[in-house]
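Single-letter residue listing:
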Amino acid sequence: MNVHESEKIAGMLTELGYQSCSAVEEADIIVFNTCCIRDTAEKHILGNIGDVKHLKKENPFLIVAVVGCMTQQKGMSENLKKKFPFVSIVLGTDNLSDLTLAVRQIEEKNKKFFSCIHDTPDVDVQKDSPLYRTSGTNAWVNIMYGCNNFCTYCIVPYVRGRERSRSPQAVLSEVSDLLKQGYPEITLLGQNVDSYSYEGHDFTYLLEKIAEMDSKFRLRFMTSHPKDFNSRVIDVIASCPNICNNIHLPVQSGSNRVLKLMNRHYTRERYLEIIDEIRSKIPNVGITSDIMTGFPTETDEDFYDTVSLMEKVRFSNAFTFVYSPRKGTVAAQMEQLPKKVKQERITELVKIQNRISAEISKDYLGRTEEILVEDVSPKHQNSVCGRTESGRLVTFAGAPELVGKFVNVKIDSARSSALFGRII
Ligand code: SF4
């Protein structure tokens, strides 16, 4: 989501005549696109903003802007203005398209400070924002904004507002343009894509309409919520060859007690039922997840419920992380676990997931997989890398001209979750 928002920022700045530069010291404008999902991310960004203070002294015309979900927190705009007087623009997530106006007001009207943060959601923040796509072979497309779920650990509904879906016409026309431009992969974005809803049209309507636009491209989406992920979505994925057999379904915990405290609205049993249905209908599917440990009051028993769920599901990959309290959320007021306990548990989760990912990698040995070549390999000479439809990264010998093309690769070796092969 943030990467795609950075593309919108870059698009607006490019239209204003700015170009990207390689060193921050050379910049005439610096935009901090913030994220406040984790406390550490917020501390980090505040440190980074402080680090550019001296640049403003050296270049009084430098424009420093802070945008993104951190600014949506109550009182944050005033705090930023007080703490960092050299910041001249503060914009909320729904006001990103005001960046052009803000920069013009500062450049042409000599305005010192421009701040715009709305509680009222914009219908479609993208409507006036040009895009400067930086994601290579993949194009991100927002289908909805905000979230209604209020998981007790999460700040997103407070800073990004309630759910609102873009019209199917807007989404389909953007995807159609991208396919005409030759993008081989489209990823639909939303905090909870399964609850997409617009005048009677649901997420499966979008999936089917997009899937029938062209036969040779890959369609991915993120993120799904187990409470809304249903048989209709599974059936559509199973029946449309260009929708990838790769599903990211965050489970967060394997303990029913903790899931209830998290306000997730599904049980461990329901989650496992969904996984069984996915596996029975979609061959060779890659299932990934987000798994949290250290949620307030999590006992050893709760933790081992999570471990046993991981062992049962065998995620091809999982983003494992430690719970950290976010001010203003319900869980931040609950009894917190000691840091040491959280640390021990996350170490164990990482170890388990690494083992499972490595074991699953071995299943790919000898297989021939269709790979969409995404980039030149950053680590291996004269090589390129790309993903299987199920989402596994594969590196193999090849020329840079292959980027953006589909090739068949035989998988010869596996190292942890990384796969290596050769074009056949
Ligand atoms: S579904 Fe839960 S975790 Fe995801 S964005 Fe919404 S509140 Fe946050």
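Calculation notes
The written sequence of each chain sets the order in which its residues are numbered from 1. Since the coordinates come from a predicted model, pLDDT governs what is reported: local features require at least 70, and pairs of side-chain atoms require 80 or more to be given and counted, while whole-chain, interface and lining totals use all residues. What counts as a helix is a DSSP run of H or I of at least four residues, what counts as a strand is a run of E of at least two, and both are numbered from the N terminus. In this treatment the radius of gyration is a C-alpha quantity, and the globule benchmark scales as 2.2 Å times the residue count to the 0.38 power. Here a residue counts as buried when 20 or more other C-beta atoms sit within 10 Å of its C-beta, as exposed when there are 12 or fewer, and as partly exposed otherwise, the C-beta atoms being derived from the backbone. Contact criterion: two residues are in contact if their C-beta atoms, reconstructed from the backbone, are within 7 Å. The criterion for strand pairing is that DSSP finds at least two bridges linking the strands in question. Here the axes come from fitting lines to C-alpha atoms, over the contacting stretch only for helices, and the angles between their N-to-C directions go from 0 to 180 degrees. Domain start and stop positions are those given by an automatic or database domain assignment. Here a helix's expected span is defined as the number of its residues, less one, multiplied by 1.5 Å. Of all possible arcs, the one meant is that of the directions from the helix axis to the C-beta atoms. Relative orientations are named as follows: roughly parallel for angles under 35 degrees, roughly antiparallel for angles over 145 degrees, roughly perpendicular for angles from 65 to 115 degrees, and oblique for any other angle. Each crossing is labelled by how the near helix is turned from the far one, with a counterclockwise turn of less than a right angle marking it left-handed and a clockwise turn marking it right-handed. Basically, the charged four are Asp, Glu, Lys and Arg, the nonpolar ten are Ala, Val, Leu, Ile, Met, Phe, Trp, Tyr, Cys and Pro, and anything else, Gly included, counts as polar.

Visitor: Account for the overall build of the chain, naming residues and giving values.
Guide: Counting its secondary structure elements, the chain contains 13 helices and 19 strands. Its C-alpha atoms give the chain a radius of gyration of 22 Å, near enough to 22 Å, the size a compact globule of 424 residues would have. Its C-alpha atoms give the chain principal-axis dimensions of about 65 × 55 × 50 Å. Looking at the chain as a whole, 40% of its 424 residues are labelled buried. Long-range pairs, those at least 24 residues apart, make up 73% of the contacts in the chain between residues at least 6 apart in sequence.

Visitor: Please give an account of the sheet that holds strand β13 (residues 286–293) that cites residues and values.
Guide: With respect to topology, three strands assemble into an open sheet ordered β12-β13-β14, the strand pairing being parallel. Looking at which strands have only one partner, the edges of the open sheet turn out to be β12 (246–248) and β14 (317–322). Pairs of neighbouring strands in the sheet enclose a mean axial angle of 15°, with direction left out of account. Pairing analysis gives six bridges linking β13 to β14, with the strands arranged parallel. Pairing of Thr-293 across the sheet is with Val-322, part of β14. Sitting on the sheet, helix α13 (residues 339–363) touches β13 and β14, and the angle it makes with β14 is about 175°.

Visitor: Residue-level account of the domain arrangement of the chain, with values.
Guide: Its domain assignment divides the chain into domain 1 (2–116), domain 2 (135–244), domain 3 (247–363) and domain 4 (368–423). A separation of 35 Å is found between the C-alpha centroids of domain 1 and domain 3.

Visitor: Could you give an account of helix α7 (residues 168–180), with specific residues and numbers?
Guide: The end-to-end C-alpha separation of α7 is 18 Å, in line with the 18 Å expected for 13 residues at 1.5 Å each. Listed in full, the buried residues belonging to α7 are Val-171, Val-175 and Leu-178. Axial view of α7: buried residues confined to an arc of 60°, hence all on one face. Turned more than 90 degrees away from the buried face of α7, the exposed residues are Gln-169, Ser-173, Asp-177 and Lys-180. Among the structural elements, β5 (138–142), β8 (185–189) and α8 (203–211) are those in contact with the buried residues of α7. Taken from the residues just after α7, Gly-182 is the one with a positive phi, measuring 100°.

Visitor: Now, about the packing of α7 against α8: what can you tell me, with residues and values included?
Guide: The interhelical angle for the contact between α7 and α8, taken along N-to-C directions, is 30°, at an axis separation of 11 Å. By the angle class used here, α7 and α8 are roughly parallel. Seen along the crossing, α7 lies across α8 with a hand that is right-handed. Here α7 contributes Pro-168, Val-171, Leu-172 and Val-175 to the contact with α8, which in turn contributes Tyr-205, Leu-206, Lys-209 and Ile-210. Split into classes, the residues belonging to the contact of α7 with α8 amount to seven nonpolar, no polar and one charged.

Visitor: Break down α8 for me, with residues and values.
Guide: Buried residues of α8: Phe-203, Leu-206, Leu-207 and Ile-210, and no others. Taken around the axis of α8, the buried residues stretch over an arc of 100°, which confines them to a single face.

Visitor: Could you give an account of the environment of Pro-325, with specific residues and numbers?
Guide: Topologically, Pro-325 is positioned in the loop between β14 and α13. Separated by 73 residues in sequence, Pro-325 and Gln-252 place their C-alpha atoms 15 Å apart. Filtering out sequence-adjacent residues up to four positions away, Pro-325 remains in contact with Asp-39, Ala-331, Ala-332 and Gln-336.

Visitor: I'd love a proper account of unusual backbone geometry, names of residues and values included.
Guide: Put simply, Met-222 and Thr-223 share a cis peptide bond, and its omega is 5°. Relative to the helices and strands, Thr-223 is located in the loop between β11 (218–222) and α9 (231–239). The phi dihedral of Glu-199 falls on the positive side, at around 40°, and the residue is not glycine. Assignment of secondary structure puts Glu-199 in the loop between β9 (197–198) and β10 (201–202). Of the residues examined, Glu-199 has 7 C-beta atoms within 10 Å and is grouped as exposed. Notably, Thr-297 is not glycine yet its phi reads approximately 70°, a positive angle. Locating Thr-297 in the fold gives a position in the loop between β13 and α12 (300–313).

Visitor: Lay out the environment of Thr-100 with the relevant residues and their values.
Guide: Relative to the assigned elements, Thr-100 resides in helix α5 (residues 99–109). Residue class for Thr-100 comes out partly exposed when judged on the 17 C-beta atoms lying within 10 Å of it. In this structure, the C-alpha to C-alpha distance between Thr-100 and Met-12, residues 88 residues apart in sequence, is 6.1 Å. Look past the residues within four positions of Thr-100 in its chain and what remains in contact with it is Met-12, Glu-15 and Leu-16.

Visitor: Report on the packing of α8 against α9, specifying residues and quantitative values.
Guide: Their axes nearest at 9 Å, the elements α8 and α9 cross at an angle of 5°. One finds that α8 runs roughly parallel with respect to α9. Taking contact as the criterion, the partners of Phe-203, Thr-204, Leu-207 and Glu-208 in α8 are, on α9, Arg-232, Val-233 and Val-236. Across the contact of α8 with α9, the residue classes tally to four nonpolar, one polar and two charged.

Visitor: Explain the sheet that holds β11 to me, using residue names and the numbers behind them.
Guide: Here three strands make up an open sheet; going across it, the order is β5-β8-β11 and the pairing parallel. Two strands close off the open sheet at either side, each with one partner strand: β5 and β11. Averaged over all pairs of adjacent strands, the angle between strand axes in this sheet comes to 25°, irrespective of strand direction. Two elements, β8 and β11, share five bridges in a ladder whose sense is parallel. Bridged to Glu-185 within β11 is Arg-218.

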